[in-house]
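Each chain, letter by letter, is given below.
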Amino acid sequence: MVKQSQISINTERRSQWVDITHDIRRIISQSGIKNGICNVASLHTTAGLTVNENADPDVGLDFFDKLSRLVPREPAFRHMEGNSDSHIKAALVGLSVQVPVTDCDLLLGTWQSIYFCEFDGPRERSVTVTLIGE
Amino acid sequence: MVKQSQISINTERRSQWVDITHDIRRIISQSGIKNGICNVASLHTTAGLTVNENADPDVGLDFFDKLSRLVPREPAFRHMEGNSDSHIKAALVGLSVQVPVTDCDLLLGTWQSIYFCEFDGPRERSVTVTLIGE
Amino acid sequence: MVKQSQISINTERRSQWVDITHDIRRIISQSGIKNGICNVASLHTTAGLTVNENADPDVGLDFFDKLSRLVPREPAFRHMEGNSDSHIKAALVGLSVQVPVTDCDLLLGTWQSIYFCEFDGPRERSVTVTLIGE
């Protein structure tokens, strides 16, 4: 069985992550799929997805701070839109995550949440959620 | 339903990406799978896969230029083949991508293409395409 | 068909990778699944998964050495547990891998193995293995 839906996200800053775990859990609970895999994919090239800690918000601040120092905006970049740093950060973090589904719920560790990673906001963004299973 | 195939790629430089979206679309259209997930996986350890912008080729130039400055060839590397930078870049970018399939086609954003990322060419390379769905 | 299991891993150092290919192959051979996809996912936020070279152990040494220089522990990090470097490294390498399954076995390249990547050990760790296929 395959079920697909979309989630809309309005980001508020150039760089931020947004916890979308709750939205995905709701989609799974209404899908009729008990066990399988959940793919969450960014439809953009300057925003990605990751799984990371949900307890201390400083983890997210450190993550974006470090990424901005590793891959800063540089005058040397040739891309005319001036946001090559965002494209590179999205490619390094990854454009999708895959999380197991067990007993009609995401199978995540205690401290794990699924984060949409904005690297060139603020913008209106969309991610697709594809569930495959039985 | 599961369908698997391979794509052969001949790269021409040490570092480059190759847009393989069209090849994957053709495989999907002939597969009989309408909705599901498409996994594209590198069979190598010095070449990966990503999804990124297909409009301005400068995005790819900036991507490889920046990666080569973040992870240059270094005399300190111990690996006897001298290409540890390629292994590290492949691990950071990732060895596979997963893209949703909807209505017998890849579900990609307007500016997204699937790129094979060569980090130690030129070589003959292979990727596998695995479709799961209904 | 969907089959899920867990693998326990005891890591011995702060940073190391552990080849879990053999454990995953055994799970696949007992699953009854012939063709499909194998998802291997970390249940932690300071440990990830990758596919990399299994021939020369120096590749792993270079990989962790370089990552520790790219993302060192820094006094500037705010996260109270002091391991933001581990969270960032896990996010860059990725929290899961997806490998095709063909003829009741992993479809890997000649030099590829699946590695659990510890970035904040030593610890007891768990990964989930989810097989989807027919």
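In the block above lies the structure referred to throughout.
The structure reproduced in this document is the subject of the present report. Residue positions are given per chain, counting from 1 as you read along its sequence in written order. Both sets of labels track the order of writing: A upward for chains, 1 upward for ligands. This being a predicted model, a pLDDT of at least 70 is required before a residue's local features are given, and a value of 80 or more before pairs of side-chain atoms are given or counted; all residues contribute to the totals for chains, interfaces and linings. No hydrogens and no water enter the side-chain calculation; it runs on all heavy atoms of the structure.

### Notes on the sheet that holds strand S6 (residues 105-106) of chain B
Residue and element names in this part refer to chain B. Should DSSP find at least two bridges between two strands, the strands are taken to pair. Only DSSP runs of H or I with at least four residues qualify as helices, and only runs of E with at least two residues qualify as strands; both kinds are numbered from the N terminus onward. Read from one edge to the other, the open sheet built from 5 strands follows the order S1-S8-S3-S5-S6, with strand pairing classed as antiparallel. Strands at the two margins of the open sheet, each flanked by one partner only, are strand S1 (2-10) and S6. Two strands pair when backbone bridges link them, and strand S3 (residues 36-42) and strand S5 (residues 96-102) are joined in this way by 6 bridges, in the antiparallel orientation. Looking across to S5, one finds that Gly-36 is bridged to Val-101.

### Considerations on the interface of chain B and chain A
Taken together, the contact pairs 32 residues of chain B with 30 residues of chain A. Note on terms: buried area is the combined drop in 1.4 Å-probe accessible area of two parts once they are placed together, counting the loss on both. The junction of chain B with chain A conceals about 2400 Å² of combined surface from both sides, 57% of it contributed by carbon and sulfur atoms. Salt bridge, as applied in this entry: a Lys or Arg side-chain nitrogen positioned within 4 Å of an Asp or Glu carboxyl oxygen. There are 3 salt bridges connecting chain B and chain A. Where A:Glu74 meets B:Arg69, a salt bridge forms, and the shortest distance between an N and an O atom there is 2.9 Å. Any pair of N or O atoms that falls within 3.5 Å is considered a polar contact. Within protein, one atom must be able to donate a hydrogen and the other to accept it, and sequence-neighbouring residues count only if both atoms are side-chain atoms. Where chain B meets chain A, there are 14 residue pairs in polar contact (both at pLDDT 80 or more). Every element with two or more residues in the side of chain B that touches chain A is listed here: S3, strand S4 (47-53), helix H2 (58-70), helix H3 (84-93), S5 and strand S8 (124-133) of chain B. Residues are treated as being in contact if the distance between any of their heavy atoms lies within 4.5 Å.

### Some details on the relation of the copies chain A and chain C
Note: a rotation about an axis with an accompanying shift along it relates these two copies of the chain. The atoms used to superpose the copies are C-alpha atoms, taken from residues with pLDDT of at least 70 in both, and the fit is least squares. Between chain A and chain C, the superposition needs a rotation of 120 degrees and an axial shift of 0.0 Å, giving an RMSD of 0.0 Å. Here the transformation between the copies is reduced to the relation of a three-fold axis. The C-alpha atom lying nearest the rotation axis in chain A is that of A:Leu92; the distance is 3.3 Å. When the interface residues of chain A are mapped onto chain C, a mere 12% of them again fall at the interface, so the copies present different faces.

### Quick look at the side chain of A:Asn83
All names here are of chain A. Take Asn-83: it is sitting in the loop between helix H2 (58-70) and helix H3 (84-93). We classify Asn-83 as buried; its relative accessible area is 4%. Not counting residues within four places of it along the chain, the set of residues in contact with Asn-83 comprises Arg-14, Thr-46, Asp-120 and Arg-123. Whether a residue is buried, partly exposed or exposed follows from its accessible area with a 1.4 Å probe, protein chains only, as a fraction of its type maximum: under 20%, in between, or over 50%, in that order.

### Remarks on the packing of H3(A) against H2(B)
Where H3(A) contacts H2(B), the axes come no closer than 10 Å and their chain directions differ by 65 degrees. By the criterion of interaxial angle, the relationship of H3(A) to H2(B) is roughly perpendicular. Of the two possible hands of crossing, H3(A) and H2(B) adopt the one that is right-handed. Where H3(A) abuts H2(B), its residues A:Ser84, A:His87, A:Ile88, A:Ala91 and A:Leu92 lie against B:Val59, B:Asp62, B:Phe63, B:Lys66, B:Leu67 and B:Leu70. When the residues that make up the contact of H3(A) with H2(B) are grouped by side-chain class, the tally is 7 nonpolar, 2 polar and 2 charged. Angular values range over 0 to 180 degrees, each being the angle between N-to-C directions of two axes fitted as lines to C-alpha atoms, with helices fitted over their stretch in contact. Throughout, the term roughly parallel applies to angles under 35 degrees, roughly antiparallel to angles over 145, roughly perpendicular to angles from 65 to 115, and oblique to all others. Here is the rule for handedness: rotate from the far helix to the near one, and if that takes an anticlockwise turn smaller than a right angle the crossing is left-handed, while a clockwise turn gives right-handed. Polar here means any residue other than Ala, Val, Leu, Ile, Met, Phe, Trp, Tyr, Cys and Pro, which are nonpolar, and Asp, Glu, Lys and Arg, which are charged; Gly is therefore polar.

### Some remarks on the nonpolar core
The set of buried Ala, Val, Leu, Ile, Met, Phe, Trp, Tyr and Cys residues whose side-chain atoms join them within 4.5 Å is what this entry labels a nonpolar core. Core analysis: the largest hydrophobic core is formed by 117 residues, its most contacted members being A:Ile24, A:Phe63, B:Ile24, B:Phe63, C:Ile24 and C:Phe63. If we ignore the near neighbours within four places in the chain, the residues touching B:Phe63 are A:Ile88, A:Ala91, B:Trp17, B:Val93, B:Cys117 and B:Phe119. Core analysis: the next-biggest nonpolar cluster, separate from the first, contains 9 residues, A:Ile37, A:Ile132, B:Ile132 and C:Ile37 among them.

### Remarks on the pattern of salt bridges
Inspection of the entire model under this criterion finds 31 salt bridges over all chains. Of the charged contacts, one joins A:Arg78 and B:Asp62 as a salt bridge, the two residues approaching to 3.5 Å between their closest N and O atoms. Of this pair, A:Arg78 sits in the loop between H2 and H3 while B:Asp62 sits in helix H2, each in a different chain. The exposure class assigned to B:Asp62 is buried, which follows from its relative accessible area of 0%. Note that A:Asp120 is salt-bridged to A:Arg123, the shortest N-O span being 2.5 Å. The partly exposed category is assigned to A:Arg123, whose relative accessible area is 35%. One connected set of salt bridges, linked through shared partners, spans A:Arg14, A:Asp85, A:Lys89, A:Asp120 and A:Arg123.

### Considering the packing of aromatic side chains
By convention, a stacked pair of Phe, Tyr or Trp rings (six-membered ring in the case of Trp) has centres within 6.5 Å and planes under 30 degrees apart, an edge-to-face pair has planes over 60 apart, and any other such pair is tilted. Enumeration according to the criterion identifies 15 aromatic pairs over all chains in this entry. Both rings, one in B:Trp17 and one in B:Phe64, keep their centres 6.0 Å apart while their planes meet at 75 degrees; by these two values the pair is edge-to-face. Of this pair, B:Trp17 sits in strand S2 (residues 16-19) while B:Phe64 sits in helix H2, and the two are 47 residues apart along the sequence. A relative accessible area of 9% places B:Phe64 in the buried class. For the pair B:Trp17 and B:Tyr115, a centre-to-centre distance of 4.1 Å together with 20 degrees between the ring planes defines the contact as stacked. One end of the pair, B:Trp17, is in strand S2; the other, B:Tyr115, is in strand S7 (residues 112-118), and 98 residues separate them in sequence. Among the residues examined, B:Trp17 registers a relative accessible area of 16% and is labelled buried. B:Tyr115 sits in the buried class, given a relative accessible area of 6%. Taken together, A:Trp17, A:Phe63, A:Phe64, A:Tyr115 and A:Phe119 form an aromatic cluster joined through their ring pairs.

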